[in-house]
Amino acid sequence: MQDIRDIELVPLNERVWSWDVADWLWKGCALDPNKPAVHFIENGDVIADPQVMTYEQLTCKSVQVANFLHELSVQSTDAVIF
């Protein structure tokens, strides 16, 4: 329990270096582009092997989605979920 208390003594804004997901992706990609960033089961079959997306692939796809949304006139202040 003491470790949790110690962590909670530091304000969240001092522990999180960025609130921008893109910053986290770029940092992960810079550290190891081939490291798995996401594991997911495409069809919901828990026995199936998961699909793996590396930091490089995830960063690339994120940029593609951002560019697509920009073409649709979505602004950086707009909220998007899909």
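Quick notes on the rules
- Residues numbered from 1 in each chain as written.
- Predicted model: local features only at pLDDT ≥ 70, side-chain atom pairs only at ≥ 80, totals over all residues.
- Heavy atoms only, no water.
- Helix = DSSP H or I, 4+ residues; strand = E, 2+ residues; numbered from the N terminus.
- Rg over C-alpha atoms; globule rule 2.2 N^0.38 Å.
- Buried < 20%, exposed > 50% of the residue type's maximum accessible area, 1.4 Å probe, protein only.
- Areas by Shrake-Rupley, 256 points an atom, 1.4 Å probe, with all protein chains shown as cover.
- Lys, Arg positive; Asp, Glu negative; His and termini not counted.
- Charge placed at Lys NZ, Arg CZ, Asp CG, Glu CD.

Chemist: Mind showing me how you'd approach the overall build of the protein here?
Modeler: Secondary structure assignment for the protein yields four helices and two strands. Compactness check: the protein gives a C-alpha radius of gyration of 17 Å against a globular reference of 12 Å for 82 residues, more than 25% above the reference. Over its C-alpha atoms, taken along the principal directions, the protein stretches across nearly 45 × 40 × 25 Å. Counting the 82 residues in the protein, one finds 11% classified as buried. Element-wise, carbon and sulfur atoms account for 58% of the exposed surface of the protein, whose accessible area totals about 7200 Å². Of the charged side chains in the protein, 5 are positive and 13 negative; the average position of the first set lies 7 Å away from that of the second.

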